[in-house]
Amino acid sequence: CEPAWKASMLGTVFNFAQCFTLLLTPKLADRVGRKWVFNVSRIIECILYTVLMVSDSYTVTLIVLAGLGLALPGRLVAGLPYLSEWFPRKKQTMIMVVRLVEQALTLCFCMIFYWFFSNKSAHLLTIGYVICLTSSLLMLPFPESPRLLLAKGDTEGFKKAMDMMARWNG
């Protein structure tokens, strides 16, 4: 029988790593770009999902959860503004509501899945891995946030981003 602290350590490591990175991510995203921070964090998450799916070691799981905690602010703090800026202002609130409802429904789905279908985490990890990989690949062709490009004075990059945005939004 394992001590109780070992199970709670998994969530603790994740949350401490997330809090640490939350201090650095906004300034880093403003300095190097939201797209770069978002894409790097998504790639790191995909790699860590892969490791988590093949590992059965507690220590490796602990390290992977710390890494996922470090990568999470890149997806949320840099990624949400980056993604929302690709939609017209009048639709941004609805996009954020849909995104947050999706996040809440995902947690409900996990609870229902464990309650009624299976207690194996491999199934949910596989679903999460596919979503992570797909969203990471879909975001690669998008340029940097137009607002950030404009704020940095990159008018050429801003024009390219706006042209792409106009094509997507009609």
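The structure this text deals with has already been given above.
Keep in mind the model is a prediction, meaning the values are calculated, not measured. Position labels on residues start from 1 in each chain and follow its written sequence. Selection of residues for local features in this predicted model requires a pLDDT of at least 70, selection of side-chain atom pairs for listing and counting requires 80 or more, and totals for whole chains, interfaces and linings are taken over all residues. The basis for every side-chain value is the complete set of non-hydrogen atoms in the structure, without hydrogens or water.

Asker: Residues and numbers for the layout of surface pockets, please.
Answerer: Put simply, the largest pocket is a space of about 1,600 Å³. Computed over the protein atoms alone on a 1 Å grid, cavities are sets of points where a 1.4 Å probe fits but cannot get out and pockets are open sets with protein on both sides within 12 Å along at least five of seven lines; a residue lines them when it has an atom within 4 Å of a point. Lining the largest pocket we find 38 residues, and of these Arg42, Arg75, Arg99, Glu102 and Ile131 sit closest to its centre. The numbering of helices and of strands both runs from the N terminus, where a helix is a DSSP run of H or I of at least 4 residues and a strand a run of E of at least 2. Listed by contribution, the elements that provide at least two residues to the lining of the largest pocket are α2 (34-54), α3 (58-84), α4 (89-117), α5 (121-139) and α7 (155-169). When residues in the lining of the largest pocket are grouped by element, the largest group, 11 residues, is from α4. Among the residues making up the lining of the largest pocket, the classes are represented as 27 nonpolar, 6 polar and 5 charged. Grid points are joined across faces, edges and corners, and a volume is the space filled by probe spheres set on the points. Put simply, the second largest pocket is a space of about 190 Å³. Around the second largest pocket, the lining residues are Thr21, Leu24, Thr25, Leu28, Trp36, Val37, Val40, Ser41, Ile44, Leu70, Ala71 and Gly74. Elements that contribute at least two residues to the lining of the second largest pocket include exactly α1 (4-32), α2 and α3. Amino acids are sorted into nonpolar (Ala, Val, Leu, Ile, Met, Phe, Trp, Tyr, Cys and Pro), charged (Asp, Glu, Lys and Arg) and polar (every other residue, Gly among them).

Asker: Can you explain a nonpolar patch on the surface? Please cite residues and give values.
Answerer: Each patch is built from salt-bridge-free residues with over 30% relative accessible area, joining like charges within 9 Å and nonpolar side chains (Val, Leu, Ile, Met, Phe, Trp, Tyr) within 5 Å. Only the protein chains shown count as cover for residues, and all accessible areas are computed by the Shrake-Rupley method using a 1.4 Å probe. The term salt bridge refers to a pairing of a side-chain nitrogen on Lys or Arg with a carboxyl oxygen on Asp or Glu at a separation within 4 Å. Together, Met94, Val97, Val98, Val101 and Leu105 give the surface a local cluster of nonpolar side chains, amounting to about 460 Å² of exposed area. Inspection of the secondary structure puts Val101 in helix α4. Relative accessibility decides the category of a residue: with a 1.4 Å probe and only protein chains considered, values under 20% of the type maximum give buried, values over 50% give exposed, and everything between is partly exposed. For Val101, a relative accessible area of 45% gives the class partly exposed.

Asker: An account of the packing of aromatic side chains is needed here, citing residue identities and associated values.
Answerer: Only rings of Phe, Tyr and Trp enter the pairing, Trp through its six-membered ring, and a pair is recorded when the two centres are within 6.5 Å. The plane angle decides the type: under 30 degrees is stacked, over 60 is edge-to-face, the rest tilted. One pass over the structure, following the stated rule, counts 5 aromatic pairs. Both rings, one in Phe113 and one in Phe117, keep their centres 6.3 Å apart while their planes meet at 40°; by these two values the pair is tilted. Of this pair, Phe113 and Phe117 are both found in helix α4, 4 residues apart, which corresponds to roughly one turn of the helix. By relative accessible area, Phe113 is classed as buried at 12%. Taken together, a centroid distance of 4.8 Å and an interplanar angle of 20° make the contact between Trp115 and Phe116 stacked. Taken together, the aromatic side chains of Phe109, Phe113, Tyr114 and Phe117 make up a single cluster linked through ring pairs. Over the face of the ring belonging to Tyr58 we find Lys6, whose NZ or CZ atom lies 4.7 Å from the ring centre. Should the NZ of a Lys or the CZ of an Arg lie within 6 Å of a ring centre and within 35 degrees of the ring normal, that charge is described as sitting over the ring.

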